[in-house]
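# Structural overview
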Amino acid sequence: MSSQRPLHVYLDINHWHALAEAAGGHPRSLADPAVLLQLTNLVDQGVIALPLSGLHYMELAEYANDANRGATANVMARLSLFQTTAPPDAILQEEIEQSLHDRFGRPAHPTMVVKFGVGAGFAFGEPLNLRLDWDSTKQREEWEARTGTTAASLLARYQATAEFLLLVGPPRAHTQQIPGYDPYAARRQADQELQSLQVMITNLTTETELAHRPKDAIVARQLMFDMRALLTPSMIRAGFGIDDWPLDDKDDLTAFLMSLPSRKVATELQIYIVRDHTCSWKISDLRDIDALSIAVPYCDVVVTDKAAWAAVTGQHLDTTFNTVVLRRLSDLGVYLTTLPDHGQQPASNAP
């Protein structure tokens, strides 16, 4: 294993499905089986990591076909090893506090967030680790002697099983028996977000004066809706009150927002789509923006779809964050073979 940290590679959900199809003997592309083998070998060597995000869990849950969902979950589990990215809100809080610190010297100690961890609990910011309770150390030692295994190895197996079950979800035939389980809750929330966004898009197309300033509208919407719940507490933590609010004009607010890596990506991608008057916004666009706003600044390689790739590279976000952005699994396979020692990377873009 390399002494360097692994190269973090983020895959769009469609590429995970393609890898699952390759594993099942029905590849979409002739190159996919070779890429699957290549990724497996590099993961086993510790050269690359393929982290999952909370969005991956939510998108996979929406697949109604148990067999297809299970096949993709198997490949995700094998290649990700259940490594996950931190929740977007946690990362955004760090970005806000760090930017305030850089500009005003406070808060004195900005929140620091580990960007990559393990498990669904890490991805959603909820503690989901299992534990074994013993009446005494002697009882545990007797059990270990009798079974020939350690409590730690048993717990690791239980945890891996629990992580897989959280990823694959229950069979559709059983979901109605689980109180509160709703695999489509995230989609309904996305529907509401799309309706809210559509109000801004309508204003941009009907109000002549605003139509020439799409960035202003997008920045204002993010500050008022997407960030408000985190921005105000962070300002208070930094010691700012209503009477001495430090960002009091449009230019200051815009510069502040664009200093936040995840918000810069989200803003630039929205600008790109808004300028394409032939584009009709879909839930997939919102999800691409949500995923890429974290993946582009904090991963080393991102493999997305054609439209998202065009938006990221068209706004030069790949060069801004020194991130390799690709649109095909075959492109990823070629890229990984060009790296020194097949995967050991130079300096990272991630903090």
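Description of the structure in this document. If you're wondering where the values come from, they're calculated on a predicted model, not measured in any experiment. (Residues numbered from 1 in each chain as written. Predicted model: local features only at pLDDT ≥ 70, side-chain atom pairs only at ≥ 80, totals over all residues. Heavy atoms only, no water.)

## Some points on the overall build of the protein
For the protein, the helix and strand inventory stands at 18 helices and 6 strands. Dimensions along the principal axes, computed over C-alpha positions, put the protein at roughly 75 × 55 × 50 Å. Buried residues in the protein amount to 47% of all 351 residues. Within the protein, contacts between residues separated by at least 24 positions form 72% of all contacts whose residues are at least 6 apart in sequence. Per element, the accessible surface of the protein, about 17900 Å² overall, is 56% carbon and sulfur. Computing the positive centroid from 29 side-chain charges and the negative centroid from 42, the protein places the two 3 Å apart. (Helix = DSSP H or I, 4+ residues; strand = E, 2+ residues; numbered from the N terminus. Buried < 20%, exposed > 50% of the residue type's maximum accessible area, 1.4 Å probe, protein only. Contact = heavy atoms within 4.5 Å. Areas by Shrake-Rupley, 256 points an atom, 1.4 Å probe, with all protein chains shown as cover. Lys, Arg positive; Asp, Glu negative; His and termini not counted. Charge placed at Lys NZ, Arg CZ, Asp CG, Glu CD.)

## As for the sheet that holds strand β6 (residues 324-326)
An order of β2-β1-β5-β6 is seen for the 4 strands of this open sheet, with the pairing classed as parallel. Whereas interior strands pair on both sides, the edge strands pair on one side only; in this sheet they are β2 (48-49) and β6. Pairing of strand β1 (residues 7-11) with β2 involves 2 bridges; the strand directions are parallel. Paired with L7 across the two strands is I48, which belongs to β2. Against the sheet, helix α18 (residues 329-338) touches β1, β2, β5 (301-303) and β6, its axis set at about 170 degrees to β1. (Pairing = 2+ DSSP bridges. Axes fitted to C-alpha atoms, helices over the stretch in contact; angles between N-to-C directions.)

## A closer look at the environment of L50
Its location among the elements puts L50 in the loop between β2 and α3 (54-61). It is 8.3 Å that separates the C-alpha atoms of L50 and T84, two residues lying 34 residues apart in sequence. Residues in contact with L50, not counting those within four places in the same chain, are V9, L11, W16, L39, V43, L79, S80 and Q83.

## A few points about the side chain of T254
Mapped onto the fold, T254 is located in helix α13 (residues 250-258). Here T254 falls in the buried class, since its relative accessible area comes to 14%. Leaving out residues up to four positions away in the same chain, T254 has contacts with K215 and V219.

## A few points about the packing of helix α9 (residues 185-206) against helix α11 (residues 214-226)
Contact geometry of α9 with α11 gives a least axis separation of 10 Å together with a crossing angle of 150 degrees. Considering the angle they form, α9 stands roughly antiparallel to α11. The handedness of the crossing between α9 and α11 comes out as right-handed. Between α9 and α11, the residues in contact are E193, S196, L197, M200 and L204 and P214, A217, I218 and R221, respectively. (Parallel < 35°, antiparallel > 145°, perpendicular 65-115°, else oblique. Left-handed = near helix turned anticlockwise from the far one by under 90°.)

## Considerations on the packing of aromatic side chains
Applying the stated criterion to the full structure yields 3 aromatic pairs. When the centroid spacing of 5.8 Å and the interplanar angle of 75 degrees are considered together, the rings of Y57 and F124 count as edge-to-face. Here F124 lies in helix α6 (residues 120-124) and Y57 lies in helix α3, a separation of 67 residues in the sequence. Look at F124 and you get partly exposed, because its relative accessible area is 38%. Ring centres 5.5 Å apart and planes at 50 degrees place the aromatic pair W134 and W143 in the tilted group. (Phe/Tyr/Trp six-rings, centres within 6.5 Å; stacked < 30°, edge-to-face > 60°.)

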